[in-house]
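Structure at a glance
Spelled out, the chains give:
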Amino acid sequence: MNRFKLISCVVDDYDPVNTALIQAAEIARRHQAKLRVLTVIKKPDGALINLIKEKDALEKTWQALKSTKQKHLDSLLATHCQGIKTESALLSGISFIEIIRDVLQFQPDMLVKCSQNVSWLKRLFGGDDMHLLRKCPCPILMLKPGHIEPCLNILATVDVMDESFKEDSEYRVQDQLNTLVLEYASVFALSESSELHIGSVWDAFGENFLRYGTFAHASEEKIHNYVQETQAEYSDKLNALCKQLKTLIGEDALDYIQPIAHLVKGLPEKEIPLMVTKYDVDLIVMGTVARTGIPGLFIGNTAEAILEQVQCSVLAIKPRGFETPVTLND
């Protein structure tokens, strides 16, 4: 399954082992895709301008910096991208904005980047990472620093509880997003011979009120039956989603990866990070927003809470119809 035709990759100075480039190059080889390699240079700021006051000298310094960066980029491509059709680009400005603008212009199938690993905040993703996860329209593979090996265990997270409104006559947004998550997770599981886990979290709406509410009078038997029926409903939905994989990737591929489904009761922001730890997950594939057309809603609260906790690589998927607030022009 060649899901990828063009892959964009961001090369950063804080990624000394070239995690993103190594992984992006390997994915490009597997899928016979073209690789576009980006690096972003910060424009001269006030301090440098004050230090080098002559305009000509400032321009020469800027050109020398770009030349040095380009030579470094060329060297990396020669080392890591043999046998791959590649192109490179030096961008200047605010990193996440310029990256998203490049994505809008060239329409890659996926963006690959190494996370900033903000260790003093005890989280994997830095400010630019979160901006990209919230606002970049294409799928983003945000890698844990040093993650250059194939994935052993992948967790695809799907939401079987969402009852979002229909935006067209055929699909609900969450249904589309669940399908995309499964498809991308399967692509990686097949190409890297990974164990694929499909995880979903559920709860029985109003259960605590029914049990402990002041005005609740339902018997324990009725509450138990309600919870059991709710679990069965969500279990059926999860099984139906898993069966979609046969259509998406084919029966032979499905028999090969043999995904394992997990339906866990609780809160997603608590249970999904626990699944990551329990199953030694090195890549989590997740949707980052469930609805489109809501101004300012770039990433769901649950997805953000999960991203704040996990310490593994993440493949973040946006729903079809997502529109970034970043534009090609100022």
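Residues numbered from 1 in each chain as written. Predicted model: local features only at pLDDT ≥ 70, side-chain atom pairs only at ≥ 80, totals over all residues. Heavy atoms only, no water.

Describing the overall build of the chain
In terms of helices and strands, the chain carries 11 helices and 10 strands. If you take every contact in the chain between residues at least 6 apart in sequence, the share linking residues at least 24 apart comes to 79%. If you sum the accessible surface of the chain, you get close to 16,800 Å²; carbon and sulfur atoms cover 51% of it. (Helix = DSSP H or I, 4+ residues; strand = E, 2+ residues; numbered from the N terminus. Contact = heavy atoms within 4.5 Å. Areas by Shrake-Rupley, 256 points an atom, 1.4 Å probe, with all protein chains shown as cover.)

Some points on empty space enclosed by the protein
By the definition in use, this model includes one cavity of 30 Å³ or more. In this model, the largest cavity occupies a volume close to 30 Å³. V10, V11, D12, D15, N18, A20 and L21 together form the lining of the largest cavity. By residue class, the composition of the lining of the largest cavity is four nonpolar, one polar and two charged. (1 Å grid on protein atoms, 1.4 Å probe; cavity = no way out; pocket = protein on both sides within 12 Å on 5 of 7 lines; lining within 4 Å. Points joined across faces, edges and corners; volume = space filled by probe spheres on them. Nonpolar A, V, L, I, M, F, W, Y, C, P; charged D, E, K, R; others polar.)

Concerning the layout of surface pockets
Taken as a whole, the second largest pocket encloses approximately 210 Å³ of empty space. If you go around the second largest pocket, you meet 13 residues; those closest to its centre are P137, P139, L180, Y184 and K318.

Some points on the sheet that holds strand β5 (residues 140-143)
Adjacent strands of a sheet form backbone hydrogen bonds with each other and so pair up, either parallel or antiparallel. The 10 strands are arranged β3-β2-β1-β4-β5-β10-β9-β6-β7-β8 in an open sheet whose pairing can be described as mixed. Unpaired on one side and paired on the other, β3 (86-92) and β8 (260-265) mark the two borders of the sheet. For this sheet, the mean angle separating the axes of adjacent strands, direction not counted, is 20°. Across five bridges, strand β1 (residues 6-10) lies against strand β2 (residues 34-41) in parallel orientation. Paired with L6 across the strands is K34, a residue of β2. Where helix α5 (residues 127-135) meets the sheet, its contacts fall on β4 (110-114), β5 and β10 (313-317), and the angle it forms with β5 comes to roughly 155°. (Pairing = 2+ DSSP bridges. Axes fitted to C-alpha atoms, helices over the stretch in contact; angles between N-to-C directions.)

Let's talk about the side chain of K69
Relative to the assigned elements, K69 resides in helix α3 (residues 55-80). On the accessibility criterion, K69 (17% relative accessible area) is buried. If sequence neighbours within four positions are ignored, K69 has contacts with D13, I41 and L90. (Buried < 20%, exposed > 50% of the residue type's maximum accessible area, 1.4 Å probe, protein only.)

Describing the packing of aromatic side chains
Considering all chains together, one arrives at three aromatic pairs under this definition. Their ring planes at 70° and their centres at 6.1 Å tell us that F4 and F188 sit as a pair that is edge-to-face. Of this pair, F4 sits in the segment before β1 while F188 sits in helix α6 (residues 173-192), placing them 184 residues apart in sequence. An identical accessibility class is assigned to F4 and F188; each is buried. Measuring from centroid to centroid gives 6.4 Å for W202 and Y234, while their planes differ by 50°, and the two rings are tilted. Of this pair, W202 sits in strand β7 (residues 195-202) while Y234 sits in helix α8 (residues 220-249); the two residues are 32 residues apart in sequence, bridging distant segments of the chain. By the burial criterion, W202 is buried, and Y234 matches it. Counting every residue linked through ring pairs, the aromatic cluster contains F4, Y184 and F188. For the cation-ring pair, K318 lies above F322, with the distance from its terminal atom to the ring centre recorded as 5.3 Å. (Phe/Tyr/Trp six-rings, centres within 6.5 Å; stacked < 30°, edge-to-face > 60°. Lys NZ or Arg CZ within 6 Å of the ring centre and 35° of its normal.)

Focus on the pattern of salt bridges
This structure, assessed with the given rule, holds 13 salt bridges. Here K113 ties to D12 by a salt bridge, and the two come within 3.5 Å at their closest N and O atoms. One end of the pair, K113, is in strand β4; the other, D12, is in the loop between β1 and α1 (19-31), and 101 residues separate them in sequence. Linking E87 and K34 is a salt bridge whose minimum nitrogen-to-oxygen distance equals 2.8 Å. You can see E87 sitting in strand β3 and its partner K34 sitting in strand β2, a full 53 residues away along the chain. Looking at E87, the relative accessible area reads 22%, which means it is partly exposed. We classify K34 as partly exposed; its relative accessible area is 26%. (Salt bridge = Lys/Arg side-chain N within 4 Å of Asp/Glu carboxyl O.)

Quick look at α8
Between its first and last C-alpha, α8 extends 44 Å over 30 residues, near the 44 Å set by a 1.5 Å rise per residue. Those residues of α8 that sit buried are I223, V227, T230, Y234, L238, L241, C242, L245 and I249. Where α8 is buried, its residues touch α6, β7, α7 (207-212), α9 (251-257) and β8. One or two residues past the end of α8 sits G250, with phi positive at roughly 95°. (Expected span 1.5 Å × (residues − 1).)

Points about the environment of F188
The class for F188 is buried, based on a relative accessible area of 3%. For the pair F188 and L283, spaced 95 residues apart in sequence, the C-alpha to C-alpha distance is 9.4 Å. In contact with F188, not counting residues within four places along its chain, are F4, I27, M110, L141, I154, S193, S194, L283 and L315.

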